[in-house]
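If you want the building blocks of each chain, they are given just below.
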Amino acid sequence: MGLGSDMYRQQILDHYKNPRNYGELEDPDIEHVGENPMCGDTIKMFVELADDGDTIERVRFVGDGCAISQASASMLSGELHGKSLETVEAMDRDDVADMLGVELSPMRIKCAVLAEKVAQDAIAIHKGEADPVETTTE
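For clarity, every value in this text was computed on a predicted model and none was experimentally measured. (Residues numbered from 1 in each chain as written. Predicted model: local features only at pLDDT ≥ 70, side-chain atom pairs only at ≥ 80, totals over all residues. Heavy atoms only, no water.)

**Student:** Looking at this model, I keep getting lost on the state of the cysteines. Mind explaining?
**Tutor:** By definition, a disulfide links two cysteine residues through a covalent bond between their sulfur atoms. Applying the stated criterion across every chain yields a total of zero disulfides. Left unpaired, Cys66 is separated from the closest cysteine sulfur, that of Cys111, by 3.7 Å. Its relative accessible area of 18% is what places Cys66 among the buried residues. Free of any disulfide, Cys111 has its nearest neighbouring cysteine sulfur in Cys39, separated by 3.5 Å. (Disulfide = S-S within 2.5 Å. Buried < 20%, exposed > 50% of the residue type's maximum accessible area, 1.4 Å probe, protein only.)

**Student:** Quick question: what am I supposed to make of the environment of Val33 here?
**Tutor:** Inspection of the secondary structure puts Val33 in strand S1 (residues 30-36). The class for Val33 is partly exposed, based on a relative accessible area of 29%. Sequence spacing of Val33 and Val102 is 69 residues, and the spatial spacing of their C-alpha atoms is 25 Å. The residues contacting Val33, other than those within four sequence positions of it, are Ile43, Lys44, Val118, Glu134 and Thr135. (Helix = DSSP H or I, 4+ residues; strand = E, 2+ residues; numbered from the N terminus. Contact = heavy atoms within 4.5 Å.)

**Student:** Looking at this structure, I do not really get the nonpolar core. What am I missing?
**Tutor:** What tends to happen in soluble globular proteins is that the nonpolar side chains get buried as a cluster. Residues Met45, Ile56, Ile68, Leu80 and Leu100 are the most contacted members of the largest nonpolar core, which totals 34 residues. Those elements that provide at least two residues to this core are strand S2 (41-49), strand S3 (56-64), helix H2 (67-79), helix H3 (85-89), helix H4 (93-100) and helix H5 (106-126). If one sorts the elements of this core by residue count, H5 sits on top with ten residues. Discounting chain neighbours no more than four positions away, the residues touching Ile68 are Ile12, Leu100, Leu104, Arg108, Cys111 and Ala112. (Core = buried A, V, L, I, M, F, W, Y, C linked by side-chain atoms within 4.5 Å.)

**Student:** Please explain the pattern of salt bridges as it appears in this structure.
**Tutor:** For side chains bearing opposite charge, pairing can occur when the charged atoms are close. If you walk through the whole model with that rule in mind, you get five salt bridges. Two residues, Glu31 and Lys44, come together in a salt bridge whose shortest N-O distance is 3.0 Å. In this pair, Glu31 is assigned in strand S1 and Lys44 in strand S2, connecting sequence segments 13 residues apart. We note a salt bridge from Glu89 to Lys127, for which the minimum N-O separation is 2.8 Å. Taken together, the residues span a long stretch of sequence, with Glu89 in helix H3 and Lys127 in the loop between H5 and strand S4 (135-136) at a distance of 38 residues. Residue classification places Glu89 among the partly exposed residues on the basis of a relative accessible area of 29%. (Salt bridge = Lys/Arg side-chain N within 4 Å of Asp/Glu carboxyl O.)

Listed below in structure tokens is the structure:
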């Protein structure tokens, strides 16, 4: 692994130790929780939509878990600002891996995509396309 990898590792540690957008939103439009039962990561996301009902105005999260899951939630919370719900629904694990900038083992990818899955499930529930059950990355 080269110098670039070290830079991304430092970025992950920085987001883990100093998470961006950490905390709850009062009266969010969308709220959902998820966990990775394999390692105990939990993330609860809060989303406030713009007046158009489709653009993400603010995102906050709370959670606990490994550096990858929490850094991913922190980074994703910043990435989602200004995105349409449809754009978020179209995201996949490659988008998260690219955002993190490091290669992840199959076990760690579940940690990395937890926040993305919580956000996507939250949108599906908000649209009435899914039942409000807790998201898991089993």
